[in-house]
Amino acid sequence: MCRHLGYLGPTVSVGEMLTAGTHSLRTQSWAPRDMRGGGTVNADGFGVAWWRAAEVDGTRNPLATSALPGDGSPNSTLIASRYRNAAPIWTDPAVEEVLAQLHSTAVLGSIRSATVGMPIERTACAPFTSGRWAFSHNGAVPNWRPVVTAVSSDLDMAATQVGATRLFETIQLLEAEAPTDAATLWVLLRQMLTAMEPGGFVDSPATALGLLVSGVLRHAPNARLNFLLGDGETLWATTVHHSLSALITDTVAVLASEPYDDDPNWQSIPDRSLVIARPGQLSIDPLPDGTKGAR
């Protein structure tokens, strides 16, 4: 159903993060170890996001993160850039000839195994990005079109019941880059991230992910929802059915569908978990049963 990884730490080559280790993300495209019934290969495209500093004129961009540590400029922000290709990752020379020349302290990569009936095209490949955010989905939502529509309606109703503004009043699900479950779920998540405010209905990325997962499972209990979200400084993830492992040191944080090497410090994340990772920090909590996620 896909494989993905997120990295935070010292500056690395973007391309090398896709090929590093004896069981790299690229190797997982043809030889995954733990697909759990989600296909046999991940040959329907790939993508990678990395973060760079960008200047914002005038008022602060609400989608961008805080100033970079030590940057010295109050208007310096982290913005996600990306590269995607609908071809198998092992066929694309840009991985070594172009992406290897780019460097960043944060990387989010994904390889795709398309669900039957969904298009194989570049716009369907994760990561999906907006401002500081990059998002990937490993899984599938059965009957996804009516499910996502119902989830957006439920969240609007829940928001108004606590006195918040409707989240999706001006959002059209047709805004999705591709007619897939992942691209459409990103439309909902992106809107919740944009609407975040302290003490509000959505007050953190973890809350947004918890709301989205619980909403989907309410209408599609068999959905597979391993989400991965990054902003260049923190990684958030969920596990519903598919595998996820974490490698955390004082200087590095990695979340990956499968370990890419034999480092004994990799730890498996339990199913139905909400994960927050930074270098030196790992939080693992049960996914919420209700409509309010963990913070």
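Below: a short report on this structure. Please read these numbers as outputs of a predicted model, since none were measured by experiment.

Applying the stated criterion across every chain yields a total of six aromatic pairs. Each ring, one from Phe46 and one from Tyr83, has its centre 6.0 Å from the other, and the planes form 50 degrees; the classification is tilted. One end of the pair, Phe46, is in strand β2 (residues 46-55); the other, Tyr83, is in strand β3 (residues 76-85), with 37 residues separating them in the sequence. Of the residues examined, Phe46 reaches a relative accessible area of 1% and is grouped as buried. Taken together, a centroid distance of 5.8 Å and an interplanar angle of 50 degrees make the contact between Trp133 and Trp236 tilted. Pair noted here: Trp133 is in strand β6 (residues 133-140) and Trp236 is in strand β8 (residues 235-239), with a separation of 103 residues, a long-range link. Residue classification places Trp133 among the buried residues on the basis of a relative accessible area of 1%. Assessed through its relative accessible area of 6%, Trp236 is described here as buried.

Below, the discussion takes up the sheet that holds β6. In spatial order, the strands read β5-β6-β7-β8-β12-β13; together these six strands make up an open sheet with antiparallel pairing. Unpaired on one side and paired on the other, β5 (128-130) and β13 (281-286) mark the two borders of the sheet. Each adjacent strand pair in this sheet contributes to an overall mean axis angle of 15 degrees, direction not counted. Sheet contacts for helix α5 (residues 181-194): β5, β6 and β7 (224-230); angle to β6, the most-contacted strand, approximately 140 degrees. Packed on one face of the sheet, helix α6 (residues 205-219) meets β6, β7, β8 and β12 (273-278) and runs near 165 degrees to β7.

Quick look at the pattern of salt bridges now. Inspection of the entire model under this criterion finds nine salt bridges. Glu177 is the salt-bridge partner of Arg82, the closest N and O atoms lying 3.1 Å from each other. Highlighted residues: Arg82 in strand β3 and Glu177 in the loop between α4 (144-161) and α5, separated in sequence by 95 residues. One salt bridge in this structure joins Arg190 and Glu175, with 3.3 Å as the shortest N-O distance. Here Glu175 lies in the loop between α4 and α5 and Arg190 lies in helix α5, a separation of 15 residues in the sequence. The structure contains a network of salt bridges with shared partners spanning Arg82, Arg84 and Glu177.

So, how was this worked out
Residues numbered from 1 in each chain as written. Predicted model: local features only at pLDDT ≥ 70, side-chain atom pairs only at ≥ 80, totals over all residues. Heavy atoms only, no water. Phe/Tyr/Trp six-rings, centres within 6.5 Å; stacked < 30°, edge-to-face > 60°. Helix = DSSP H or I, 4+ residues; strand = E, 2+ residues; numbered from the N terminus. Buried < 20%, exposed > 50% of the residue type's maximum accessible area, 1.4 Å probe, protein only. Pairing = 2+ DSSP bridges. Axes fitted to C-alpha atoms, helices over the stretch in contact; angles between N-to-C directions. Contact = heavy atoms within 4.5 Å. Salt bridge = Lys/Arg side-chain N within 4 Å of Asp/Glu carboxyl O.

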